[in-house]
There are 2 protein chains.
Amino acid sequence: MPYGTLYGIGLGPGDPELITLKGLRILQQSRVIAYPISRQGDESVALSILERITSLVGKEKIELLFPMSAAEPAALKIAWEEASRKIAAHLEQGKDVAFITLGDVVLYSTFIYLFEVMREGYQHLKVEFVPGISSVSASAATASLPLGKGRERLAILPAPFDQAQLKKSLEDFDTVVLLKVSQVFDQVYELLKRMNLLDKAILCQRIGLEGERIIHDLSTLVGSKVDYMSILMVKK
Amino acid sequence: MPYGTLYGIGLGPGDPELITLKGLRILQQSRVIAYPISRQGDESVALSILERITSLVGKEKIELLFPMSAAEPAALKIAWEEASRKIAAHLEQGKDVAFITLGDVVLYSTFIYLFEVMREGYQHLKVEFVPGISSVSASAATASLPLGKGRERLAILPAPFDQAQLKKSLEDFDTVVLLKVSQVFDQVYELLKRMNLLDKAILCQRIGLEGERIIHDLSTLVGSKVDYMSILMVKK
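Definitions and cut-offs
- Residues numbered from 1 in each chain as written.
- Chains lettered and ligands numbered in written order.
- Predicted model: local features only at pLDDT ≥ 70, side-chain atom pairs only at ≥ 80, totals over all residues.
- Heavy atoms only, no water.
- Helix = DSSP H or I, 4+ residues; strand = E, 2+ residues; numbered from the N terminus.
- Rg over C-alpha atoms; globule rule 2.2 N^0.38 Å.
- Buried < 20%, exposed > 50% of the residue type's maximum accessible area, 1.4 Å probe, protein only.
- Contact = heavy atoms within 4.5 Å.
- Areas by Shrake-Rupley, 256 points an atom, 1.4 Å probe, with all protein chains shown as cover.
- Lys, Arg positive; Asp, Glu negative; His and termini not counted.
- Charge placed at Lys NZ, Arg CZ, Asp CG, Glu CD.
- Least-squares fit on C-alpha atoms with pLDDT ≥ 70 in both.
- Core = buried A, V, L, I, M, F, W, Y, C linked by side-chain atoms within 4.5 Å.
- Buried area = accessible area lost by both parts, 1.4 Å probe.
- Salt bridge = Lys/Arg side-chain N within 4 Å of Asp/Glu carboxyl O.
- Polar contact = N/O pair within 3.5 Å; in protein donor to acceptor, adjacent residues only side chain to side chain.
- Phe/Tyr/Trp six-rings, centres within 6.5 Å; stacked < 30°, edge-to-face > 60°.

Chemist: Please explain the overall build of chain A as it appears in this structure.
Modeler: Helix and strand content of chain A: 7 helices and 10 strands. Relative to the compact-globule value of 18 Å for 236 residues, chain A shows a C-alpha radius of gyration of 19 Å, a close match. Once the C-alpha set of chain A is aligned to its principal axes, its extents read approximately 60 × 40 × 35 Å. The 236 residues of chain A split such that 57% are buried. In chain A, of all internal contacts separated by at least 6 residues, the share reaching a separation of at least 24 is 69%. Put simply, chain A shows about 10,300 Å² of open surface, and 49% of that area lies on carbon and sulfur atoms. If the 27 positive side-chain charges of chain A are averaged to one point and the 28 negative ones to another, these points end up 4 Å apart.

Chemist: Looking at this structure, I do not really get the relation of the copies chain A and chain B. What am I missing?
Modeler: In this structure, two copies of a chain are linked by a rotation about an axis accompanied by a shift along it. Note on the copies: chain A fits chain B at an RMSD of 0.0 Å, the axial shift is 0.0 Å, and the rotation between them is 180°. What the superposition gives is, in effect, a two-fold axis relating one chain to the other. Of the interface residues in chain A, 100% have counterparts in chain B that sit at the interface too, so the contact is made through matching surfaces.

Chemist: Even after reading the chapter, I still don't get the nonpolar core, so can you show me in this structure?
Modeler: Within the largest apolar cluster, 94 residues are counted, with the highest numbers of intra-cluster contacts made by Leu6(A), Ile87(A), Leu6(B) and Ile87(B). Setting aside anything within four residues of it in sequence, one finds Leu6(A) in contact with Ile87(A), Leu91(A), Val97(A), Phe99(A), Phe111(A), Leu114(A), Met118(A), Lys126(A), Val127(A) and Glu128(A). Membership of the second largest hydrophobic core comes to 51 residues, among which are Leu166(A), Tyr189(B), Ala201(B) and Val226(B).

Chemist: For this particular structure, what's the right way to read the interface of chain A and chain B?
Modeler: When the parts come together, some accessible area is lost, and that loss is often what is quoted as the size of the interface. Counting from both sides, the interface comprises 49 residues of chain A and, opposite them, 49 residues of chain B. Regarding the contact of chain A and chain B, the summed buried area is about 4,400 Å², with carbon and sulfur atoms giving 62% of it. Of all residues in chain A, Glu17(A), Leu21(A) and Lys149(A) bury the most surface against chain B, accounting for 14% of the area lost on that side. Summed over the shared surface of chain A and chain B, the number is 6 salt bridges. With a closest N to O distance of 2.4 Å, Glu17(B) and Arg25(A) form a salt bridge. At the surface where chain A touches chain B, the tally comes to 28 residue pairs in polar contact (both at pLDDT 80 or more). Only helix H1 (21-29), helix H4 (111-121), strand E5 (126-130), helix H5 (135-142), strand E6 (154-158) and helix H6 (163-172) of chain A provide two or more residues apiece to the side of chain A that touches chain B.

Chemist: Would you mind showing me how to read the packing of aromatic side chains here?
Modeler: Where two aromatic rings form a pair, the distance of their centres and the angle of their planes describe that pair. Residues and elements named next belong to chain A. A full pass over the atoms with the stated rule returns 13 aromatic pairs over all chains. Judged by centre distance (3.5 Å) and plane angle (20°), the ring pair of Phe66 and Trp80 falls under stacked. Here Phe66, found in the loop between strand E3 (60-65) and helix H3 (73-92), pairs with Trp80, found in helix H3; they are 14 residues apart in sequence, far enough to count as distant. Across the pair, Trp80 and Phe66 agree in class, each one buried. Ring centres of Trp80 and Tyr113 lie 5.5 Å apart, and the angle between their planes is 15°; this geometry places the pair in the stacked category. Taken together, the residues span a long stretch of sequence, with Trp80 in helix H3 and Tyr113 in helix H4 at a distance of 33 residues. Under the relative-accessibility criterion, Trp80 is labelled buried at 7%.

In structure tokens form, the structure reads like this:
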């Protein structure tokens, strides 16, 4: 019996309509659905979106616990190895496994860590990336703010940002996209103010999810708690 | 009668399965399909992909000529204004118009130019971006080369590249994606060689299209004609 394939599937930003036909087909064909949670007892956002897209009746589900904290890399490594063992067992029984993740699977997804562990320990098993709409692309589309045209240069930076590096990117690039900006919003705001870029910046919050908002006047956010699912875009 | 909406729809990289459910639904609902060609008598790649996705029976088609050459910006401006007039006439008759483009509509698409002209001259008409899978994302997925994880930084640069700027980006960023690299491949190859980055680079050619190829040994391409639809990825 041939082995199954592990698919990493980008579900898109949260709007169930933003999955691709390919992602949907593979999810419907796969016998096992794997999804990450970051804390025991938590609900998986990816799974709740998937349930709005397609029926999961008759599927096996594998819940995989990945603590998000980078504080304990050893514990995280053990979690990934445990997850890859569970998945490999299903693949070796000839079942395809679809691992679901929000956004695009090649861009800052949980799946990338799993892929790396699988590549090391399970070379005999096939792993495939199925691209999805990233939160970056969905945010730009919702805000009608193109990321780049012609010869424009685009930088994508995840927080936390080194201030000097961030300043350099804001100088060198036409468009700068800042991911996970919530943790450091106030500092970024001050930098943009100093660089006279506030009127070139917007914050896209929870795009594709409940509570979606585009904020043009960033001063209204200073001192408040910025949503974790926020992307800041600066287009000169 | 309410005006129609102009939708800019990213079809994805060429694989008909990589369109989103939303893009497909809007294409099926729209009465008018608009598409760009770069030379009189040319076939539209976007249109030929669309024909594999869905039936166009009963749709009105608008072919829009946009010379790709940046040599004559005045002629190009006239072409965009002519296109926006045609499209506005349909929208004002209450018909939705779907403008199709390869890849992601927010990332280096033809639609961005049209959007800008519409925003200037036709503020009363609604324009919406519908995101698609970019050739960058599809290339990374096909090559199993994630674009970034954790705190990694990503730069996307379209050719032609200023050599000093390119060197700086290759130093500062974890992943650098070079678009339209065919025109300047040999110079880029020399720079990567000098920077000792050749074994970190791959070339993705015609991803999602006929002739799709991933090339790991870039030396095999030196001196040859590199396909226009090529993306070079450097991941340190």
